[in-house]
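Remarks on the overall topology
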Amino acid sequence: MKRICSLVVVCILALSMLCGCGSKFKKTDVETVKSTLETLGYYDESLANIREVAGSEKLGAVLTNHWTFTFCDFKSDSVACTTEYELAVAMCDEVKRTEDGDYCVVEYEDDLIYKLIIRVDNTLMITAGPKADRDDIKDLARTMGYIE
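Just so you know, these numbers come straight off a predicted model, no measurement behind them.

A closer look at the overall build of the protein
- A count of helices and strands for the protein gives 4 helices and 7 strands.
- Tracing the protein from N to C terminus, the helices and strands come up as α-α-β-β-β-α-β-β-β-β-α.
- Residues classed as buried in the protein amount to 36% of the 148 residues present.
- Long-range contacts, defined as pairs at least 24 residues apart, comprise 43% of the intrachain contacts of the protein with a sequence gap of at least 6.
- About 9,000 Å² of surface is accessible on the protein, with carbon and sulfur atoms providing 56% of the total.

Describing the environment of Cys92
- If you trace the backbone, Cys92 turns up in the loop between helix H3 (78–90) and strand S4 (96–100).
- Remark: the alpha-carbon pair of Cys92 and Lys115, spanning 23 residues in sequence, is separated by 8.7 Å.
- The residues contacting Cys92, other than those within four sequence positions of it, are Tyr108, Lys115 and Ile117.

Topic: a negative patch on the surface
- A contiguous patch of negative charge on the surface is contributed by Asp93, Glu94, Asp110 and Asp111.
- Tracing the chain through its elements places Asp93 in the loop between H3 and S4.
- For Asp93, a relative accessible area of 67% puts it in the exposed group.

Criteria and cut-off values
- Residues numbered from 1 in each chain as written.
- Predicted model: local features only at pLDDT ≥ 70, side-chain atom pairs only at ≥ 80, totals over all residues.
- Heavy atoms only, no water.
- Helix = DSSP H or I, 4+ residues; strand = E, 2+ residues; numbered from the N terminus.
- Buried < 20%, exposed > 50% of the residue type's maximum accessible area, 1.4 Å probe, protein only.
- Contact = heavy atoms within 4.5 Å.
- Areas by Shrake-Rupley, 256 points an atom, 1.4 Å probe, with all protein chains shown as cover.
- Patch = residues over 30% accessible without salt bridge, like charges linked within 9 Å, V, L, I, M, F, W, Y side chains within 5 Å.
- Salt bridge = Lys/Arg side-chain N within 4 Å of Asp/Glu carboxyl O.
- Lys, Arg positive; Asp, Glu negative; His and termini not counted.
- Charge placed at Lys NZ, Arg CZ, Asp CG, Glu CD.

Written out as structure tokens, the structure reads:
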């Protein structure tokens, strides 16, 4: 009986690991991002703009800590997301890139600034600030659930 229970437990663990192999990064939406920024004390309505264009939503802001922040939710328009992502990356010289399908992380830094560009499915988050704030910028992306 113990062997059967052990076998069942092992099978359940194996199945749960196999089922959990998909992307652990799930896209979010503009309202959730705005709410998170407000909770962290980074969001100032007077320094932000939310707009909807052709079914896509975009939040652009200068955060209270003086970082620039853009979040775009392209819904089902993967062409627009890919175009915006490639344009953002093209504006950076040398980048450190990690890609896994529609999950992409691009890091750029020079003597003064650090920029983090993250694509999850058809959403795009771009944050830039002083190079000294690199770890804090990554922490914000972690809070949003976009990197580990």
